[in-house]
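# Reading the structure
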Amino acid sequence: MNQITANTTAAVDFSFWFIIAISVVMLIGVTGAMVWFAFRYHHKRNPNPTHVPDNHLLEIVWTVIPTFIVLAMFWYGYKGFLELRRVPADAMVINVTGAMWKWTFEYDNGRKTTNLIVPKDKSVKLLLKSVDVLHSFYIPAFRVKEDVLPGKETYLWFKPQGIGVADVFCAEFCGVQHAYMITKVEVLSPEDFQKWYDQPVGGDADTNRAVLAQFSPVIDEGAKLMQTKACLSCHKLDESRLVGPGLAKLYGSKQIVVVNNQEKEVTVDDAYLRRSLLEPHVELVKGYSNLMAPVPLTEAEVTALIEYMKTLQ
Ligand code: CUA
């Protein structure tokens, strides 16, 4: 699956690497000169130091050149900042609500989702608000992060490039389940996005995931992986039991698992499914034997499988 980016990725990355490159050159230059001077002017080699007169030209050079270097850092940083804050007038607006502990996205036509679905190459403006405490909306792949506050609307924007999926995190500690306040941004082709968007608005986000399944390349990949990774030899796509549990209506359900001979209840969420794919023996559902081998999967494949399972409602 593609690694997706946005215009904002380039805006931030350029000044980041520019500053890193200058810092590395400075580090090597300053450390090298220091080591050389310590060796060359060691007092054993210079028992009687001579007086060195002021060198005004040298002083001007070592003041002026670094001044231009830090001004250049500022300039590229400032240009990147403007790119992040100047929203094009034709941007599509999506309302984002942060609540302990999930994100909700609401589109102009009233459709609500729990994943952020956007078209490729279209400017998207997110209006962010919180109904309870401080959160922070963060898409690392796009290099955008903005605090989400109760009582004050904030925003961010980006223009996604490439079709695929990327993580969305909450980056502000907001309570015990802060670490699970995770979702995805899915970038569809403009045609697929329009087809998805034009579907009748049907209630809650789960319904919309089923609608989305027709268009999403991520969910499509998940469906294919179910075959190629042989998941279906032991799991059925309905609710019935085979060797392992049926996968329909599994996501979001509560299950009793056995850990160290102790029973506990878990909610089948992204984190649980991820663990069950990568380390199936750790939180085994009560009543099933430890028969599943850990599946070697890339991060993108884990995501695709989980997104597919969410559609099996
Ligand atoms: Cu919301 Cu951390």
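Quick caveat: nothing in here was measured; it's all calculated off a predicted structure. (Residues numbered from 1 in each chain as written. Predicted model: local features only at pLDDT ≥ 70, side-chain atom pairs only at ≥ 80, totals over all residues. Heavy atoms only, no water.)

Once that is clear, we can look at the overall build of the protein chain. What the protein chain contains, in helices and strands, is seven helices and 15 strands. A globule of 313 residues ought to have a C-alpha radius of gyration of about 20 Å, yet the protein chain, at 27 Å, is considerably larger. Taken along its principal axes, the extent of the C-alpha atoms in the protein chain is 90 × 50 × 35 Å. Relative to its 313 residues, the protein chain shows a buried fraction of 36%. When contacts within the protein chain are restricted to residue pairs at least 6 apart in sequence, those whose partners lie at least 24 apart make up 64%. In the form shown here, the protein chain has an accessible surface area of approximately 17900 Å², with 61% of it arising from carbon and sulfur atoms. For the protein chain, the distance from the average site of its 31 positive side-chain charges to the average site of its 33 negative ones is 3 Å. (Helix = DSSP H or I, 4+ residues; strand = E, 2+ residues; numbered from the N terminus. Rg over C-alpha atoms; globule rule 2.2 N^0.38 Å. Buried < 20%, exposed > 50% of the residue type's maximum accessible area, 1.4 Å probe, protein only. Contact = heavy atoms within 4.5 Å. Areas by Shrake-Rupley, 256 points an atom, 1.4 Å probe, with all protein chains shown as cover. Lys, Arg positive; Asp, Glu negative; His and termini not counted. Charge placed at Lys NZ, Arg CZ, Asp CG, Glu CD.)

Another point: helix α6 (residues 270–278). Turning to α6, its buried residues are Ala-271, Tyr-272, Leu-273, Ser-276 and Leu-277. For α6, the elements touching its buried residues are β13 (254–259), β14 (262–267), β15 (284–285) and α7 (299–311).

Attention now moves to the confidence of the model for the protein chain. Summary statistics for the protein chain give a mean pLDDT of 89 and a share of 96% for residues scoring 70 or more. Of all helices and strands in the protein chain, the one with the weakest mean pLDDT is helix α4 (residues 205–212) (59), whereas strand β7 (residues 135–139) scores best (97). (pLDDT = per-residue confidence, 0-100.)

Okay, the pairing of β14 next. As defined by bridge partners, β13 adjoins β14 across six bridges and the pair is classed as antiparallel. Note on β14: the bridge partner recorded for Lys-254 is Thr-267. Where β13 folds back on β14, the antiparallel hairpin that results is connected by two residues, among which Asn-260 adopts a positive phi of roughly 50°. (Pairing = 2+ DSSP bridges.)

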